[in-house]
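One letter stands for each residue in the lines below.
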Amino acid sequence: MNIVIKVLETGFDIYQKCNKSENNYIKYHFEHVKRKDINANLYRIIRAYGYVRTDKYEFKELFNGYPIVGNGEWEFAAREIDAEDFSGGFHGDENIIEVKLTADKKEIKLDTVNNIECNEAVFYQKSFVDRCNTPNDNIAVHEKLYTVSNGVINIKQNVEWLQSLLITASGMGMLPIVRDINGFQMTDTAVMLDGPNKNIECDVSTTESNTVISQFNKDITSVKVYGKKSGISIQIDNHTVPKLDSAEMHLQVRPWDHKIYFMVARNHTVNPKEKWTNDTTFTFNLDL
């Protein structure tokens, strides 16, 4: 079997075999975040790592244990005009309504430490998103369905707005990819696989990088980031409905990483019962 789930006291890990490798795996760490200071009670991916499988439930770290994907938002966040911060996921102001983890369609208890082998892992979470720093002031219902199988991790999301709000920025489908850490170059190149600047290799190896992928790019649904020497590659395929005029994609070079943003909207007023849906697939490979 190509997937191992390890249920922990504070969350769970999913190890997934890479398509182009016999024993190389990606570990997705799902943390149960419970923090009153940011009004958060939800599960979310914290980081992703590379591993080699050495036994049924045993794995050895790659890249000196450094993460491939750092701590940051993968799924959904939105910022209301005049708010201090975004709401949702990493930023807080999101709380569980319902949650369920299955392995090959069999439900797994999240409160019992356990190891499971399977060919498909599915995780569902439904939650309320609150106005920034305002517990119980629900502005949206957020559903996300992770499916880990066939060498990819897919996230299907639904957001239903509960109030009329002016949203200055909102993203669905993001990834904080590690560029370099302690002198080890994890990723250095990015390329858009569709759109006007299709197949232009962009050097994103340093904090000084400034290429077309760092601009606000329209009509982009597919991006690949990789390391020419490390063998790490990550492809992101993203589709959102509705497609608003302000939607765009860009890579933001930050001191600690370079983050892919698929932005759904900027300066857009949402109304009660308005719905957004998103389908994002992440394909990780370790060609070592």
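Up top is the structure.
Scoring rules and cut-offs
The residue numbers shown here count from 1 along each chain, following its written sequence. Restriction of local features to residues with pLDDT of at least 70 applies here, the model being predicted, together with a cutoff of 80 or more for giving and counting side-chain atom pairs; totals for whole chains, interfaces and linings are based on all residues. Values reported for side chains reflect all heavy atoms of the structure, with hydrogen atoms and water molecules removed beforehand. Pairing of aromatic rings covers Phe, Tyr and Trp, the last through its six-membered ring, and needs centres within 6.5 Å; plane angles under 30 degrees mean stacked, over 60 mean edge-to-face, and all others mean tilted. Think of it this way: any DSSP run of H or I at least four residues long counts as a helix, any run of E at least two long counts as a strand, and we number them from the N terminus. Under the scheme applied here, a residue whose accessible area is under 20% of the maximum for its type counts as buried, over 50% as exposed, and between as partly exposed, the area being computed with a 1.4 Å probe on protein chains only. We call two strands paired when DSSP finds no fewer than two bridges between them. By nonpolar core we mean a set of buried residues, namely Ala, Val, Leu, Ile, Met, Phe, Trp, Tyr and Cys, connected to one another through side-chain atoms within 4.5 Å. In this analysis, two residues are considered to be in contact whenever any of their non-hydrogen atoms come within 4.5 Å of each other. For salt bridges, the criterion is a side-chain nitrogen of Lys or Arg within 4 Å of an Asp or Glu carboxyl oxygen. Without a salt bridge and with relative accessible area above 30%, a residue can belong to a patch; like charges are then joined within 9 Å and nonpolar side chains (Val, Leu, Ile, Met, Phe, Trp, Tyr) within 5 Å. Computed with a 1.4 Å probe, the accessible areas rest on the Shrake-Rupley method; for each residue, only the protein chains presented here act as cover. Here, two cysteine sulfur atoms that lie within 2.5 Å of each other are counted as a disulfide.

Visitor: Kindly report on the packing of aromatic side chains, identifying the contributing residues and their values.
Guide: Counted by the stated rule, this structure contains 18 aromatic pairs. Their ring planes at 70° and their centres at 5.6 Å tell us that Tyr-43 and Phe-123 sit as a pair that is edge-to-face. Placement of Tyr-43 in strand β4 (residues 40-53) and of Phe-123 in strand β10 (residues 121-130) is noted, with a sequence separation of 80 residues between them. A centroid spacing of 5.3 Å and a plane angle of 75° characterise the contact between Trp-161 and Trp-276, whose relative ring orientation is edge-to-face. In this pair, Trp-161 is assigned in strand β12 (residues 152-161) and Trp-276 in strand β23 (residues 275-286), connecting sequence segments 115 residues apart. The exposure class of Trp-161 is buried, given its relative accessible area of 1%. What makes Trp-276 buried here is its relative accessible area of 0%.

Visitor: Hey, could you go over the pairing of β4 for me, with residue numbers and the actual values?
Guide: The buried fraction of β4 amounts to eleven of the 14 residues, a majority that puts the element mostly inside the structure. For strand β3 (residues 24-35) and β4, the ladder comprises twelve bridges, and the chain directions are antiparallel. If you follow Glu-31 over to β4, its bridge partner there is Arg-44. Hairpin connection from β3 to β4: four residues lie between these consecutive antiparallel strands, with Asn-39 at a positive phi of about 55°. Bridge count between β4 and strand β7 (residues 94-103): two bridges; the pairing is parallel. If you follow Asn-41 over to β7, its bridge partner there is Asn-95. In this sheet, strand β5 (residues 59-61) lies alongside β4 in antiparallel orientation, the contact comprising three bridges. Note that in β5 the partner of Arg-53 across the bridge is Phe-59.

Visitor: I'd like a description of unusual backbone geometry, backed by residues and values.
Guide: Glycine aside, residues mostly have negative phi angles, and peptide bonds mostly take the trans form. The linkage connecting Val-241 with the following residue, Pro-242, adopts the cis geometry, with an omega of 0°. By the secondary structure assignment, Pro-242 is in the loop between β19 (232-241) and β20 (248-253). Despite not being glycine, Phe-63 has its phi angle at roughly 55°, a positive value. Within the secondary structure layout, Phe-63 lies in the loop between β5 and β6 (76-80). Using a relative accessible area of 11% as the deciding quantity, one classes Phe-63 as buried. Of note in the backbone geometry, Lys-105 takes a positive phi value of approximately 75° without being a glycine. Position of Lys-105 relative to the elements: it lies in the loop between β7 and β8 (106-108). According to the relative accessible area criterion, Lys-105 is exposed, its value standing at 75%.

Visitor: An account of the nonpolar core is requested, with residue identities and associated values reported.
Guide: The biggest cluster of nonpolar side chains holds 52 residues, and the ones touching the most others in it are Ile-5, Tyr-28, Ile-68 and Phe-284. In this view, Tyr-28 contacts Phe-12, Asp-13, Ile-14, Gln-16, Ile-45, Arg-47, Ala-48, Trp-74, Val-148, Ile-153 and Phe-284; residues no more than four positions away in its chain are not counted. Val-129, Leu-165, Leu-244 and Trp-276 belong to the second-largest nonpolar core, a separate cluster that totals 15 residues.

Visitor: Residue-level account of the pattern of salt bridges, with values.
Guide: The tally for this structure, following the rule as stated, stands at twelve salt bridges. Across the pair Glu-75 and Lys-144 runs a salt bridge, and its minimum N-O distance is 2.8 Å. With Glu-75 in the loop between β5 and β6 and Lys-144 in strand β11 (residues 138-149), this residue pair connects regions lying 69 residues apart in the sequence. For the residue pair Glu-75 and Lys-144, the accessibility class agrees, reading buried in each case. The partner of Arg-131 in a salt bridge is Asp-137, and the shortest N-O contact between them spans 2.6 Å. Overlapping salt bridges, with partners in common, bring together Glu-80, Arg-131 and Asp-137 in one network.

Visitor: Describe a nonpolar patch on the surface, listing the residues and the values that go with them.
Guide: Taken together, the side chains of Ile-97, Phe-128 and Leu-162 present a nonpolar region at the surface, about 220 Å² in accessible area. Positionally, Phe-128 belongs in strand β10.

Visitor: Give me the lowdown on the state of the cysteines, citing residues and values where you can.
Guide: Evaluated as defined, the whole model comprises zero disulfides. This cysteine, Cys-118, is not joined by any disulfide, and Cys-18 carries the nearest cysteine sulfur, 16 Å off.

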